[in-house]
Amino acid sequence: MALRLTVKDLTELERRGRLPKGTVAGLLGAAIDVTPPRQSGGKRASLGGLYVRSSWEASFAHWLRYRHARGEIWGWAYEPVEFWFHEIRRGTRTYLPDFLTWDRTGWAWSEIKGFNDPKSKTRLKRFKLYYPDEYARLTVYDHNWFHRMIRSGLAGAIPGWEFAHPLTIARGATRHG
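Since this is a predicted model, take the numbers as computed values, not measurements.

Q: What should I look at first to understand a nonpolar patch on the surface in this one?
A: On the surface, a nonpolar cluster with roughly 360 Å² of combined accessible area is contributed by W74, W102 and W107. Mapped onto the fold, W74 is located in the loop between α3 (55–69) and β4 (75–78). Using a relative accessible area of 55% as the deciding quantity, one classes W74 as exposed.

Now the structure itself:
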């Protein structure tokens, strides 16, 4: 049976002196991109101090940086435009798409959805009703997309991707996903 530890666990053991300094870097080496433990909303130094609301948004931003570096997209922006539903007087009155990307074919909106709660569903329905042309350019990325990125191995090729899965320490370290 393998001992399952996260990078955070190993780093904490090293900090407390239970592991010699440099153990974490030695175990992980260049074979694994050592990213900080998954976190929720906050600024990401790896994204130039950009504030994101979740680890999925951070990973998606890293994926966009990767695509931009490869010339697949011309650029991207995080939460650049808030759409107002002016005729609505109560409840959900705005929608703020997570990402805008653009390339030679035009622009597209991307929404990262962890939980599609009733308020989120209302936002998307109203966005479709009030801004049908913009809604046609929207892609919603849910847990299935993130799991496919990990299972395919592409997530491991993207610097800064925030993994939720623990590392297995047994005859070296490997990522599970």
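Don't stop here, the text continues.
Q: Which parts of the structure should I look at to understand helix α6 (residues 143–152)?
A: At 3.6 residues per turn, the α-helix brings residues three or four places apart onto the same side. Residues W145, F146, M149 and I150 constitute the buried set of α6. An end-on view of α6 places all buried positions within 135° of arc, on one side of the element. Opposite the buried face of α6, by more than 90 degrees, sit the exposed residues R151 and S152. Of the surrounding secondary structure, the elements contacted by the buried residues of α6 are α3, β8 (106–112), β9 (138–141) and α7 (154–157).

Q: Hey, could you run me through the sheet that holds β9 in this one?
A: The strands making up a sheet are joined through hydrogen bonds of the backbone, oriented either antiparallel or parallel. Across the sheet, which stays open at both edges, the four strands sit in the order β4-β7-β8-β9 with mixed pairing between neighbours. The open sheet has two free edges, formed respectively by β4 and β9, since each of these has just one partner strand. For this sheet, the mean angle separating the axes of adjacent strands, direction not counted, is 25°. Inspection of the sheet shows strand β7 (residues 99–103) paired to β8 by five bridges, in the antiparallel sense. Residue pairing in the sheet places W102 in a bridge with W107 of β8.

Q: Explanation requested: unusual backbone geometry in the structure shown.
A: When glycine is set aside, most residues are seen to have a negative phi, and most peptide bonds are trans. Residues other than glycine seldom take positive phi values, yet E79 does so here, at roughly 45°. By the element assignment, E79 lies in the loop between β4 and β5 (83–84).

Q: Whenever I open this one, the nonpolar core confuses me. Can you help?
A: Where a protein is soluble and globular, its nonpolar side chains tend to be buried together. F60, W63, W145 and W161 are the most contacted members of the largest nonpolar core, which totals 21 residues. Secondary structure elements with two or more residues in this core: α3 and α6. Top contributing element to this core by residue count: α3, with six residues. The contact partners of W63, leaving out residues within four places of it in the chain, are Y141, W145, M149, L154, I158 and W161. Ranked by size, the runner-up nonpolar core spans nine residues in total, among them F85, W109, F127 and L138.

Q: Whenever I open this one, the packing of aromatic side chains confuses me. Can you help?
A: Tallied over the full model, the rule gives 21 aromatic pairs. Their ring planes at 55° and their centres at 4.8 Å tell us that F60 and Y141 sit as a pair that is tilted. Here F60, found in helix α3, pairs with Y141, found in strand β9; they are 81 residues apart in sequence, far enough to count as distant. Ring pairing ties together the aromatic residues W56, F60, W63, W76, Y78, F99, Y141, W145, F146 and W161, which thus form one cluster. The ring of W63 carries the charged tip of R67 above its face, separated from the ring centre by 4.8 Å. Lying over the aromatic face of W107, R137 brings its terminal NZ or CZ to 3.7 Å of the ring centre.

Q: I'm lost on the packing of α3 against α6 in this one. Help?
A: In helix packing, the relevant descriptors are the interaxial angle and the interaxial distance, both defined with respect to the helix axes. Put simply, α3 and α6 touch, their axes get as near as 12 Å, and they point 55° apart. Classified by the interaxial angle, the pair formed by α3 and α6 is oblique. Taken as a pair, α3 and α6 cross one another with a handedness that is left-handed. In this structure, α3 uses W56, S59, F60 and W63 to contact α6, whose residues at the interface are H143, W145, F146 and M149. Here the contact of α3 with α6 is composed, by residue class, of six nonpolar, two polar and no charged.

Q: Hey, could you run me through the environment of F115 in this one?
A: The topology assignment puts F115 in the loop between β8 and α4 (118–130). Judged by relative accessible area, F115 falls into the exposed class, the value being 74%. Each C-alpha atom, one on F115 and one on H143, is 9.0 Å from the other, the two residues being 28 residues apart in sequence.

Basis of the calculations
- Residues numbered from 1 in each chain as written.
- Predicted model: local features only at pLDDT ≥ 70, side-chain atom pairs only at ≥ 80, totals over all residues.
- Heavy atoms only, no water.
- Patch = residues over 30% accessible without salt bridge, like charges linked within 9 Å, V, L, I, M, F, W, Y side chains within 5 Å.
- Areas by Shrake-Rupley, 256 points an atom, 1.4 Å probe, with all protein chains shown as cover.
- Salt bridge = Lys/Arg side-chain N within 4 Å of Asp/Glu carboxyl O.
- Helix = DSSP H or I, 4+ residues; strand = E, 2+ residues; numbered from the N terminus.
- Buried < 20%, exposed > 50% of the residue type's maximum accessible area, 1.4 Å probe, protein only.
- Arc of directions from axis to C-beta.
- Contact = heavy atoms within 4.5 Å.
- Pairing = 2+ DSSP bridges.
- Axes fitted to C-alpha atoms, helices over the stretch in contact; angles between N-to-C directions.
- Core = buried A, V, L, I, M, F, W, Y, C linked by side-chain atoms within 4.5 Å.
- Phe/Tyr/Trp six-rings, centres within 6.5 Å; stacked < 30°, edge-to-face > 60°.
- Lys NZ or Arg CZ within 6 Å of the ring centre and 35° of its normal.
- Parallel < 35°, antiparallel > 145°, perpendicular 65-115°, else oblique.
- Left-handed = near helix turned anticlockwise from the far one by under 90°.
- Nonpolar A, V, L, I, M, F, W, Y, C, P; charged D, E, K, R; others polar.

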